[in-house]
Amino acid sequence: MLRSLYSGISGLRAHQTMLDVTGNNIANVNTTGYKSSSAQFQDTLSQMTQGAAGPQQEVGGSNPAQIGLGVRVAGVSTNFGQGTSQSTGRGTDLMISGEGFFVTGKGTQQYYTRAGNFQMDAAGRLVSPDGGILQGWTATNGVVNTGGATGPITLSPDTTAPAVATTQATLGGNLPSDAAVGTSVERQVKVYDSNGAERSLTLTFSRSATGWNVAGADANGATGASTLTFANGALASGGTMTVGGITVNMGAVTGFAQLNTLAVTSQNGAEAGELESFTLAGDGSLIGSFSNGAKEVLARVALARFTNPGGLEKAGGSTYVATANSGAAQLGGAGDGGLGSLASGSLEMSNVDLSQEFTNLIVAQRGFQANARIITTSDEVLQELSNLKR
């Protein structure tokens, strides 16, 4: 039989595969984190009809004569180029700008993905649409150990920020220098103990002939005293006082005439708080905001990179698994070793170029037609051969 007939068949198969790959790319043009693929062709083994001969003294050399036996698909490669960003406004939508992959887990199997469309499940874990649990490092007292083992990231609404005992209170504003001797100004400071129990610290300012006398009384019975003196409206002495272990800083208080604007500006204690929301830092740290005003690192998202990402095997659901040719996953945080940065409220879209894919469709279709023509032409030759004997 004619070799061209089988070459045409191999061409049909190869271009059908190219059509399949191109069609899949177009179908996933709006798939989050999808990476386009391309079919690569190579010729098959060629049949030797004449070997090469070296030049002789009286006869020149000759080149080998070989007839190709068709084409085959050498491989299907994946383009891991960066996709475009689409803003969603959802805090649990994450996008990688760089070479990293999110790590998700199902049972004991780890998967890697560029699709960051995560959501909370009933257990407070960040999960992918197919149930893969986002992996990372959970913080202990606000500190993340990236050298430890990764595990599920959990943002439970029951997470609490511990109470903080008040150790310092700060006052600012102005005490009127023209106030009559004996004038009294009182301010209440809300303070907390180590259990978060609230109590009041009362500060009483009494005008004297030389300045202001300050008396502090804690609800627990502790007391303190100080004297403030001013020179040209600026504090000259008596800027601090201690009441029951709480240092009262009055260094910002002034003493000009006609203004009574004395106020408590801050205190460093807080009651226990519950988690209200979280934000994502550029290094992948999830920072929780609590009802008591505290902010604390809760966890850090783990990212993975591979020596040869093209060696990853697609596992469905926009995920990949490591293979012998991809190399082992190298884990780290965003910003480490080329893993890229993270952004919340955005998703990475497919990197499919429709103009290129439609061009590939035309090329594949014409290649298929040309190889079909080889088969019909070979058939006509065989028909002529069979007609030699009538």
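Remember, it's a predicted structure, so these values are computed and weren't measured experimentally.

S.K.: Help me get a handle on unusual backbone geometry, residues and values and all.
M.R.: A positive phi angle, near 70 degrees, is found at Gln 258, a position not held by glycine. Position of Gln 258 among the secondary structure elements: in the loop between β21 (246-254) and β22 (263-267). With relative accessibility at 71%, the residue Gln 258 sits in the exposed group. Look at Ser 318: it is not a glycine, yet its phi comes out positive at around 60 degrees. By relative accessible area, Ser 318 is classed as partly exposed at 29%.

S.K.: Tell me about helix α1 (residues 3-27), and please be specific about residues and values.
M.R.: With 25 residues, α1 should cover 36 Å at 1.5 Å per step; its first-to-last C-alpha distance of 36 Å lies within 8% of that length. Of the surrounding secondary structure, the elements contacted by the buried residues of α1 are β1 (37-43), β4 (71-78) and α2 (354-386).

S.K.: Residue-level account of the pairing of strand β23 (residues 273-280), with values.
M.R.: As judged from the 2 bridges shared by strand β13 (residues 160-161) and β23, these two strands associate in the antiparallel manner. Counted as the bridge partner of Thr 160 is Glu 274 from β23. With 5 bridges joining them, β23 and strand β24 (residues 285-290) adopt antiparallel strand pairing. By the bridge assignment for β24, Thr 279 is matched with Ile 287. Between the antiparallel neighbours β23 and β24 lie 4 residues, among them Gly 284 with a positive phi of about 90 degrees.

S.K.: Tell me about α2, and please be specific about residues and values.
M.R.: An α-helix turns once every 3.6 residues. As a result, residues three or four positions apart point the same way. Under the 1.5 Å per step criterion, the end-to-end length of α2 is 48 Å for 33 residues, consistent within 8% with the ideal 48 Å. Taken as a whole, α2 has its buried residues at Glu 357, Asn 360, Ala 364, Gly 367, Asn 371 and Ser 378. Considering only its buried residues, α2 is in contact with α1.

S.K.: Would you mind going over the pattern of salt bridges in detail, with residue names and values included?
M.R.: Enumeration according to the criterion identifies 9 salt bridges in this entry. With a closest N to O distance of 3.0 Å, Glu 348 and Arg 114 form a salt bridge. With a gap of 234 residues between them, Glu 348 in strand β31 (residues 346-348) and Arg 114 in the loop between β8 (109-113) and β9 (119-120) connect regions that are remote in the sequence. With a relative accessible area of 3%, Arg 114 lands in the buried category. One salt bridge connects Asp 336 with Arg 300, and the closest N-O pair in it is separated by 3.8 Å.

S.K.: Provide a residue-level description of the side chain of Lys 35, including the pertinent values.
M.R.: Its place among the elements puts Lys 35 in the loop between α1 and β1. We classify Lys 35 as buried; its relative accessible area is 0%. At 2.9 Å, the side chain of Lys 35 and the backbone oxygen of Gly 81 are in polar contact. Of the polar contacts made by the side chain of Lys 35, one reaches the side chain of Glu 348; its length is 2.5 Å. In this structure Lys 35 touches Thr 78, Asn 79, Phe 80, Gly 81, Gln 82, Gly 83, Arg 114, Lys 314, Tyr 320, Glu 348 and Asn 351, once residues within four positions along its chain are discounted.

Basis of the calculations
Residues numbered from 1 in each chain as written. Predicted model: local features only at pLDDT ≥ 70, side-chain atom pairs only at ≥ 80, totals over all residues. Heavy atoms only, no water. Helix = DSSP H or I, 4+ residues; strand = E, 2+ residues; numbered from the N terminus. Buried < 20%, exposed > 50% of the residue type's maximum accessible area, 1.4 Å probe, protein only. Expected span 1.5 Å × (residues − 1). Contact = heavy atoms within 4.5 Å. Pairing = 2+ DSSP bridges. Salt bridge = Lys/Arg side-chain N within 4 Å of Asp/Glu carboxyl O. Polar contact = N/O pair within 3.5 Å; in protein donor to acceptor, adjacent residues only side chain to side chain.

These figures capture arrangement, not role.
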